Amino acid sequence: MLKEKFHLPLTSSLAIGFAGVVLLLHPTLEQNQLLPGLLGLVSGMLAGIALLNVRQLGMLGEPGTRVVFYFNLIATLLSGSWMLTDTLHPVALGDLPLLIALAPPPPSRNSP
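A. Here's a closer look at the overall build of the chain. The helix and strand tally for the chain stands at four helices and zero strands. The N-to-C order of helical and strand elements in the chain reads α-α-α-α. Looking at the chain residue by residue over its 112 residues, the buried ones come to 4%. Of the accessible surface of the chain, which amounts to about 10400 Å², a share of 73% is contributed by carbon and sulfur atoms.

Here it is, written out as structure tokens:
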């Protein structure tokens, strides 16, 4: 799509990613693994399309902060509406270390 050529780092990362998917699904691919496996593959494909769109927006001169803002806004609204359709579970005290580990690091003083 972006007229890029395959090169060794790209090809090797694609092969490693595909091998990882095969290892996660096990070579047998039992009947109860079909839907989760397909969902994982579709999720990876959609993430790739999203990254292509972000890259094209950058090539068109769209500011990165605007892209990140609208991506987060849409993701928050859609995932929030999906969460409201199910029962919400309170955060347990044992979950706090994991939530803290998921938080992004604070910006460094040297960043623009």
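This is not the end of the story, as more comes after the structure.
B. Representation of the pattern of salt bridges within the structure. A full pass over the atoms with the stated rule returns one salt bridge. Ionic pairing is found between Glu62 and Arg66, a salt bridge with its closest N-O pair at 2.6 Å.

C. A look at a nonpolar patch on the surface. A surface patch of nonpolar side chains, amounting to about 760 Å² of accessible area, comprises Val91, Leu93, Leu96, Leu98, Leu99, Ile100 and Leu102. Given the relative accessible area of 56%, Leu98 is considered exposed.

Calculation notes
Residues numbered from 1 in each chain as written. Predicted model: local features only at pLDDT ≥ 70, side-chain atom pairs only at ≥ 80, totals over all residues. Heavy atoms only, no water. Helix = DSSP H or I, 4+ residues; strand = E, 2+ residues; numbered from the N terminus. Buried < 20%, exposed > 50% of the residue type's maximum accessible area, 1.4 Å probe, protein only. Areas by Shrake-Rupley, 256 points an atom, 1.4 Å probe, with all protein chains shown as cover. Salt bridge = Lys/Arg side-chain N within 4 Å of Asp/Glu carboxyl O. Patch = residues over 30% accessible without salt bridge, like charges linked within 9 Å, V, L, I, M, F, W, Y side chains within 5 Å.

Bear in mind that shape data such as this cannot, by itself, settle questions of function.
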